[in-house]
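Given next are the chains, with one letter for each unit.
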Amino acid sequence: MNAVTQTRDTAATTAAREPALLPPVDVVEDATGITLYADLPGVPRENLHLRVEGDQLTLEAEMALALPQALQPQHAEVQLSRYRRGFTLSKELDAEKVSAELSQGVLRVRIPKAEHAQPRKIAVQVA
Amino acid sequence: MKIDEIRQGFGTLWDSVTEGWDRLRQSAAGALTRLRPGDDTALPAREHVDDTLWMPSAGWAMMGGEVFEDDDRLVVRLEAPGLEKEDFDVQVQGETLVVRGSKRFERESTEGRWRVMQCAYGAFQRTVPLPVPVRGEEARASYRNGVLRVELPKLAPGKPRTVSVQVG
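Quick look at the structure, then. Computed from a prediction, not measured in an experiment: that's the story for all the values here.

## Some remarks on the sheet that holds strand β8 (residues 122-129) of chain B
Residues and elements named next belong to chain B.
Now for step 1: Here we have three strands laid out as an open sheet, ordered β5-β6-β8, and antiparallel in their pairing. This sheet does not close on itself; its edge strands, each paired only once, are β5 (88-93) and β8. The mean inter-strand angle of the sheet, taken between neighbouring strand axes irrespective of direction, is 15°.
Now for step 2: Examined bridge by bridge, β5 and strand β6 (residues 96-103) share six bridges and lie antiparallel to one another. Of the residues in β6, the one forming a bridge with Gln93 is Thr96.

Structure, rendered in structure tokens:
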């Protein structure tokens, strides 16, 4: 059951202590691994940093405004421009094989289960 | 704090993510936009979701908005991750910008169990008051990286107006 765990304070996250938004995530677990979706609006691919250190998965991202300098802000509802969230991966997940894609502000991370943790079908020979 | 201690302190996996959810829910008290799922939102069936705090009937999202201004135009940005540009309906009604949209739950995998459900899905509407009159028919909108950007030329170009009000 222990596939991924939210961590509060780890070596990976104490390095950057600036205030950051905690992005909401959806996590689906199937027989071969887990898929994590995170809402990260405003983040271009080059500003997304996904790190795996040991069993720690750290997500850090920075929004890019890309607006001409002359524009004056009149109204802003979210003052923070950084996202950060950390997870602890269970041993049954294969952290070496994490893959990720970013599309219209939604990050998708796929972490397969290690082969020994995947269900295996055993062919039964009839003697 | 060591990771092992955190693990012990947290107990089972989804409890610990739920802890994060609680924090999110606290922030959701200040969330800005309500999303109302409909039939076309295609949410997963209740029996496939293990997140006990998930409320399929409604979701709240930050969807932060910003209004920028220079001499000639207003630029409105609205965070709206995970839509297609066809999902937006953007209208200028007098001195108000109305943005409607629908965020569908579209996932390639329907097998498996949803352990955590924090993202919001469904139809939403944001009404943004505009500080000056604009030429609505010349407005242009684009959608990139999950952010909607609407550019509205001012009816009367000029510097942003500031009026000081004496507090008596």
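## Some details on the environment of Pro81 of chain B
Now for step 1: Topologically, Pro81 of chain B is positioned in the loop between β4 (73-79) and β5.
Now for step 2: When its relative accessible area of 9% is taken as the criterion, Pro81 of chain B is described as buried.
Now for step 3: Taking the C-alpha atoms as reference points, Pro81 of chain B and Lys103 of chain B, separated by 22 residues in sequence, lie 8.2 Å from one another.
Now for step 4: With residues near it in sequence (within four places) discarded, Pro81 of chain B still touches Asp39, Pro41, Gln104, Gly105 and Val106 of chain A together with Lys103, Tyr143 and Gly146 of chain B.

## Points about the side chain of Lys154 of chain B
Now for step 1: Here Lys154 of chain B is to be found in the segment after β10 (147-153).
Now for step 2: For Lys154 of chain B, a relative accessible area of 3% gives the class buried.

## Focus: the packing of aromatic side chains
Now for step 1: One pass over the full model with this rule turns up four aromatic pairs over all chains.
Now for step 2: On the numbers, 4.8 Å between centres and 65° between planes, the contact of Phe88 of chain B with Tyr143 of chain B is edge-to-face. One end of the pair, Phe88 of chain B, is in strand β5; the other, Tyr143 of chain B, is in strand β9 (residues 140-144), and 55 residues separate them in sequence. Per residue, the accessibility class of Phe88 of chain B equals that of Tyr143 of chain B, and both read buried.
Now for step 3: Measuring from ring centre to ring centre gives 4.9 Å for Phe105 of chain B and Tyr121 of chain B, while their planes differ by 85°; the resulting arrangement is edge-to-face. Residue Phe105 of chain B is located in the loop between β6 and β7 (113-117), and its partner Tyr121 of chain B is located in the loop between β7 and β8; the two are separated by 16 residues in the primary sequence. Taken individually, Phe105 of chain B and Tyr121 of chain B each receive the classification buried, so the pair is uniform in this respect.
Now for step 4: These aromatic residues form a ring-pair network of at least three members: Tyr37 of chain A together with Phe105, Trp114 and Tyr121 of chain B.
Now for step 5: Sitting above the plane of the Tyr121 of chain B ring, Lys103 of chain B keeps its charged end 4.9 Å from the centroid.

## As for the sheet that holds β4 of chain B
Backbone hydrogen bonds are what pair the strands of a sheet, in a parallel or an antiparallel way.
Now for step 1: The five strands lie next to each other as β6(A)-β3(B)-β4(B)-β10(B)-β9(B), forming an open sheet whose pairing is antiparallel. Two strands lie at the open edges of the sheet, namely β6 (72-76) of chain A together with β9 of chain B, each paired on one side alone. Averaged over all adjacent pairs, the angle separating strand axes in this sheet is 20°, with direction ignored.
Now for step 2: Where β4 of chain B lies against β10 of chain B, seven bridges are found, and the strand directions are antiparallel. When the bridges of β10 of chain B are listed, Glu79 of chain B appears paired with Val147 of chain B.

## Section: unusual backbone geometry
Now for step 1: With a phi close to 45°, Gln104 of chain A is a non-glycine residue in the positive phi region.
Now for step 2: A relative accessible area of 26% places Gln104 of chain A in the partly exposed class.
Now for step 3: Its identity is not glycine, yet Ala42 of chain B carries a phi of approximately 60°, on the positive side.
Now for step 4: Structurally, the position occupied by Ala42 of chain B is in the loop between β1 (33-35) and β2 (59-61).

Criteria and cut-off values
- Residues numbered from 1 in each chain as written.
- Chains lettered and ligands numbered in written order.
- Predicted model: local features only at pLDDT ≥ 70, side-chain atom pairs only at ≥ 80, totals over all residues.
- Heavy atoms only, no water.
- Pairing = 2+ DSSP bridges.
- Helix = DSSP H or I, 4+ residues; strand = E, 2+ residues; numbered from the N terminus.
- Axes fitted to C-alpha atoms, helices over the stretch in contact; angles between N-to-C directions.
- Buried < 20%, exposed > 50% of the residue type's maximum accessible area, 1.4 Å probe, protein only.
- Contact = heavy atoms within 4.5 Å.
- Phe/Tyr/Trp six-rings, centres within 6.5 Å; stacked < 30°, edge-to-face > 60°.
- Lys NZ or Arg CZ within 6 Å of the ring centre and 35° of its normal.

Take it as geometry only, folks, not as evidence of what the structure does.
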